[in-house]
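Here are the chains, one letter per residue:
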Amino acid sequence: MSNNIAAQTTSLVRRFAEKANCDPHKYNTALETALGVKRPETILAALTLCEELELDPLRGDVYIPVVNGNDGKPSISYQGWTKIVTSRPDFNGVSTEFSENKVKIEGLNSPVPEYVQVTMWRKGIDHPTVIREYIEETFQSRSLPWRKFPRRMLRHKGFIQAARLTFALRGDGEDVDYGNIDAAQATLNAVDADGVIKTPVQQAAPVQAAPQQAAFMRFKTEAEMLSRVGVLVSAVKEGRSTKEKAVKMLTKRVHPSQLDQCLTILEKGLEPQPSAPAPQELAPETEESVVSQVLTPEQNFDSAPQVMSPQEDAAPAVLTADDEIPF
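Residues numbered from 1 in each chain as written. Predicted model: local features only at pLDDT ≥ 70, side-chain atom pairs only at ≥ 80, totals over all residues. Heavy atoms only, no water.

A. Region of interest: unusual backbone geometry. At Asn21, a position not held by glycine, the phi torsion is positive, near 55°. Secondary-structure assignment places Asn21 in the loop between α1 (2-19) and α2 (24-35). Judged by relative accessible area, Asn21 falls into the exposed class, the value being 56%. Phi angles above zero are rare outside glycine, and Glu54 is one such case at about 55°. Residue classification places Glu54 among the exposed residues on the basis of a relative accessible area of 67%. (Helix = DSSP H or I, 4+ residues; strand = E, 2+ residues; numbered from the N terminus. Buried < 20%, exposed > 50% of the residue type's maximum accessible area, 1.4 Å probe, protein only.)

B. Representation of the pattern of salt bridges within the structure. Taken as a whole and assessed by the stated rule, the structure comprises 9 salt bridges. The residue Arg15 makes a salt bridge to Glu51 at a minimum N-O spacing of 3.0 Å. With Arg15 in helix α1 and Glu51 in helix α3 (residues 40-53), the pair connects residues that are 36 residues apart, well separated along the chain. The exposure class assigned to Arg15 is partly exposed, which follows from its relative accessible area of 34%. Relative accessible area serves as the criterion here: at 30%, Glu51 is assigned to the partly exposed category. Between Lys148 and Glu267 there is a salt bridge, with its nearest N and O atoms 3.4 Å apart. With Lys148 in helix α6 (residues 144-148) and Glu267 in helix α11 (residues 256-269), this residue pair connects regions lying 119 residues apart in the sequence. (Salt bridge = Lys/Arg side-chain N within 4 Å of Asp/Glu carboxyl O.)

C. Main features of helix α7 (residues 150-166). Given a rise of 1.5 Å per residue, 17 residues ought to cover 24 Å, and the 24 Å separating the end C-alpha atoms of α7 matches this to within 8%. Counting buried positions along α7 yields 14 of 17 residues, so the element is predominantly enclosed. Where α7 terminates, the next one or two residues include Ala168, which has phi positive at roughly 55°. (Expected span 1.5 Å × (residues − 1).)

The following block contains the structure:
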C-alpha cells in the first residue's frame, strides 16, 4: 500500500513539475517546504485536490492544518477560493454588505457588525445566491487574526460559503486559512472598497524554479520561535521597523498553524515596560562641583574630558520601504 502511494505521489509531482517547467526533484523539495510536510499520503492528497481544482500548491492556494500535532487534510486557502471563483467563465460578480446592527463580542474591544451578507451571481442563473454569516457563529476567540481583523475574517468566511453554494463546490477548506491575510488580500486586487469584484484576477505565471518566497516557516521548538520573533521585537523597539511591518512579515512567512502564537509573542514583546524612576536633580552646589571637576583654571584644555557633540551621536538606523528585517 505504501509503495502504491509513493508511486502515485511521484507521478503527480512529475506532472506538476512539467507544468511549472521545473526539475521534479527541485519541485518536490519546494513542495515539502511550502506545505510544511513530507508524508507521501499528505502530499498526494494536496496535489490531488490542486489538480482537480486547478490550484497551485506552491503559491498558497492550499495549506495543511496541524491537528493535535498531526497533519490534517489539505484545505483550500481564501486565496485559493478567490482563484477558483474568478477564473470560472460563468462567474458574474459578487457584492458584500455588512449589517448596520452591531453586537458586542467577548474578546473584542469594540462592537462589530452582526453579520455579513454576500451576494454572488452566476451567468445563466436568474437569481443570485445570497448568504449570511453571523459573527457570533464564526468568531474564533483563540485566533489572533480574528481578534485583530474580525470584519475582514467575517467577509472571507461569507465569500467562501457563497462560492460553495453558487458553484456547488465541495467543502474542502471550510476551515479557512485565516492566517495568510496579506497573500489573500493581494489576490483580490480587482476588488473595490464595497467588496465588488470588477474584473477577474489574472492567473499567476508558471513557476520557473523552486520559489523559496512561497514557503511557510514552521518552528521545531518554542525556543526557536521566541528567538526568531525576538528579532522583530528588537527591530520595532529600536526604530528600525514598525509593528505593522512585523505583523505583515509574520503573516507572510510563518505557517498558519503557528501564526497565532508568533503574533501573541510579538504583542507581549512590544508591551510597554514600567518606566524607571526619574533621576533626582543635583543640588546647585553639586552642579558647581561637577562643573569645576570638568574644567578648573588649573587644568589646560587638553586634559579636560572630551564630550561628544550632539552631531556625533549615531542615530539608529531606520528601515526604508525596500529594507527587510533578516527574520
